[in-house]
Amino acid sequence: MSTDEHVAPADDAADAGSAVDDVADRDTSARSAWSVLRPLVLRLHFYAGVLVAPFLLIAATTGLLYAGSYQAEKLVYGHELRVEAGDTKLPLSRQIDAARKAHPEGTISAVRPSPDDTATTRVMLSGVKGVAEGHTRAVFVDPYTAKVRGALEQYGSTGALPLRTWIDEFHRDLHLGQSGRLYSELAASWLWVITGGGLLLWFARRRNKRSAAETAAPATGRRRTLGLHGGLGVWVAAGLFFLSATGLTWSTYAGANVTDLRSAVNQSTPAVASGLTGEHAGHGAMPGMDMGGSGGGGHKATDVGYDAVLKAARVKGLGDPVEIVPPSGPSAAYTVSQIQRSWPEKQDAVAVAPATGEVTDTVRFADYPLLAKLSRWGIDLHTGVLFGIVNQLALAALALSLILLIVWGYRMWWQRGRAGAFGRPLPRGAWRQVPGYVLAPLAVGAAVVGYYLPLLGIPLAAFLAVDIAAGRIAARRSQRA
């Protein structure tokens, strides 16, 4: 998602009079640190806001749609997801057999037993013709009658069905594939910069109101829009910083750097060991073979089946909801993982030997490294599942706020244009007013951050290059004149 603070640049642009005064005043010895830095922050905030705002607007709009997709999914796919509660659920193996009888195509990639009294069981099939790569076909089975209630394409660890998948991919990459993800990474990379700059400019403006008469005067026109934009921006700034940080954690380039950093400090997310050794090895079925159940295709003499595997996981304390992944080869185990992303999270996992039904490895969420936990919580909060409907409403409000901030920012730019200054760039040369002992660390810091956030660093370098070139061209024309 994006931040509306980047629109504040327009707000600051609206306040261009004081900006010009700051740049024109060359007596740096009489200036405070902020009065020297303000024109630089103002120029960056303005241009970043104007240029990045369209990407932020798209991210905010699609994010607003995604926030409502969870509830929409429940309504659209209610027949597949819900059943009437019965007396006793049938063995998991019988439910799997029913799913395979109705859909013999592909192979079982995972099974999600019914997590509550009115939920269906999902049997996920991979390698199905007509199903997109990375997606599975989810077969929904009534756990009380073993009747198949339908089959839908599913994506992701949250079990997104077609409607939510479409909205999710629209938000993530505009349905343009890997190249489309650059737009969302660009928005996330600049969101925190624009928000931070807007906060600095807003609070400085509040501290330096020109007079009591101005304070008392009724806000009209651009000043009123500025008040709306800045006031709302301050209230939602923390949420925008959060969206920026969490959005970057699974972006293409910045996300890879975050992963490398976590690995370097031993903060990666642990995974249960599914490989078998010793007496447990070599007794499973071959890769791609369905296992478990009376008709699952496995060899009963060497595979205890899904019911026994689920029972072993229950003994280790893995409560619903869970997902069971069959062995990937003859020396691999079943893995059973809790998949509850709402608070409190359930993310424990175990490996179960198919030949004996013994648990061979256990990973507890409580034992995750701190950064792994923070990453899990951050992503789930960003996607609206950590606190359920409350989380989704908060995200919707944040997305709507960002849209308003962007609209108000452009409106301030337009209102400024009514006075003949529309689109006029802020004065160049602000960086010359910054003392070297301040400018040098800022430049080094920008270079380091730009290296790890390339979609911040590359556009910033391009902007500086174009700005310098434009300045030299303007200077030469002035000399000729």
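Residues numbered from 1 in each chain as written. Predicted model: local features only at pLDDT ≥ 70, side-chain atom pairs only at ≥ 80, totals over all residues. Heavy atoms only, no water.

Points about the packing of helix H15 (residues 436–452) against helix H16 (residues 454–480)
- Two elements in contact, H15 and H16, have axes whose closest approach is 5 Å; the angle formed by their N-to-C orientations is 125°. Classed by the angle they form, the pair H15 and H16 counts as oblique. Across the interface between the two elements, Ala-446, Val-449, Gly-450, Tyr-451 and Tyr-452 from H15 touch Pro-454, Leu-456, Gly-457 and Leu-460 from H16. (Axes fitted to C-alpha atoms, helices over the stretch in contact; angles between N-to-C directions. Helix = DSSP H or I, 4+ residues; strand = E, 2+ residues; numbered from the N terminus. Parallel < 35°, antiparallel > 145°, perpendicular 65-115°, else oblique. Contact = heavy atoms within 4.5 Å.)

Things to note about the pairing of strand S7 (residues 349–352)
- A two-sided burial pattern is seen for S7, the buried positions comprising Ala-349 and Ala-351 on one face and Val-350 and Val-352 on the other.
- By the bridge criterion, four bridges tie strand S6 (residues 334–338) to S7 in an arrangement that is antiparallel. Opposite Thr-335, over in S7, you have Ala-351 as the bridge partner.
- Sheet topology places S7 next to strand S8 (residues 359–363); four bridges connect them, and they run antiparallel. Bridge pairing in S8 links Val-350 to Thr-362.
- In textbook terms, the turn of a hairpin is the stretch between consecutive antiparallel strands, and for S7 and S8 this stretch comprises six residues, one of which, Gly-357, has a positive phi near 75°. (Buried < 20%, exposed > 50% of the residue type's maximum accessible area, 1.4 Å probe, protein only. Pairing = 2+ DSSP bridges.)

Some remarks on the UniProt feature "transmembrane region" (unreviewed entry) in the protein chain
- The positions UniProt marks with the feature "transmembrane region" (unreviewed entry) are residues 44–67, 186–204, 232–253, 393–413 and 434–452.
- Within residues 232–253, the helical portion is 86% and the strand portion 0%, while the C-alpha atoms at the span's ends are 31 Å from each other. (UniProt positions renumbered as here; feature names shortened; annotations may be inferred.)

Focus: a positive patch on the surface
- Together, Arg-472, Arg-476, Arg-477 and Arg-480 make up a region of like positive charge exposed at the surface.
- Topologically, Arg-480 is positioned in helix H16. (Patch = residues over 30% accessible without salt bridge, like charges linked within 9 Å, V, L, I, M, F, W, Y side chains within 5 Å. Areas by Shrake-Rupley, 256 points an atom, 1.4 Å probe, with all protein chains shown as cover. Salt bridge = Lys/Arg side-chain N within 4 Å of Asp/Glu carboxyl O. Lys, Arg positive; Asp, Glu negative; His and termini not counted. Charge placed at Lys NZ, Arg CZ, Asp CG, Glu CD.)

Section: the environment of Ala-256
- Locating Ala-256 in the fold gives a position in helix H11 (residues 253–264).
- Owing to a relative accessible area of 34%, Ala-256 belongs among the partly exposed residues under this scheme.
- Here the alpha-carbon distance between Ala-256 and Tyr-452, two residues 196 residues apart in the chain, equals 9.3 Å.

A look at the layout of surface pockets
- In this structure, the largest pocket occupies an estimated 1,200 Å³ of space.
- Of all the elements in the fold, those that place two or more residues in the lining of the largest pocket are helix H3 (33–67), helix H8 (181–207), H15 and H16.
- A total of nine residues in the lining of the largest pocket trace back to one element, the largest contributor, which is H16.
- In this structure, the second largest pocket spans a volume of roughly 900 Å³.
- Taken together, 28 residues make up the lining of the second largest pocket; nearest its centre are Lys-74, Pro-115, Arg-122, Thr-158 and Pro-321.
- When residues of the lining of the second largest pocket are traced back to their parent elements, those giving at least two are helix H4 (69–76) and helix H14 (388–421).
- For the lining of the second largest pocket, the leading source of residues is H4, giving four residues. (1 Å grid on protein atoms, 1.4 Å probe; cavity = no way out; pocket = protein on both sides within 12 Å on 5 of 7 lines; lining within 4 Å. Points joined across faces, edges and corners; volume = space filled by probe spheres on them.)

A few points about the pattern of salt bridges
- A complete count under the given rule lists 10 salt bridges for this structure.
- A salt bridge links Arg-172 to Asp-168; the nearest nitrogen and oxygen atoms lie 3.0 Å apart. Of this pair, Arg-172 and Asp-168 both sit in helix H7 (residues 162–173), four residues apart, which is roughly one turn of that helix. The same class applies to Arg-172 and to Asp-168, which are both buried.
- With its nearest N and O atoms 3.3 Å apart, the salt bridge here joins Asp-380 to Arg-341. Placement of the pair is Asp-380 in helix H13 (residues 370–382) and Arg-341 in the loop between S6 and S7, with a sequence separation of 39 residues.
- Among the residues examined, Asp-380 registers a relative accessible area of 1% and is labelled buried.
- Residues participating in the shared-partner salt-bridge network are Asp-168, Arg-172 and Asp-173.

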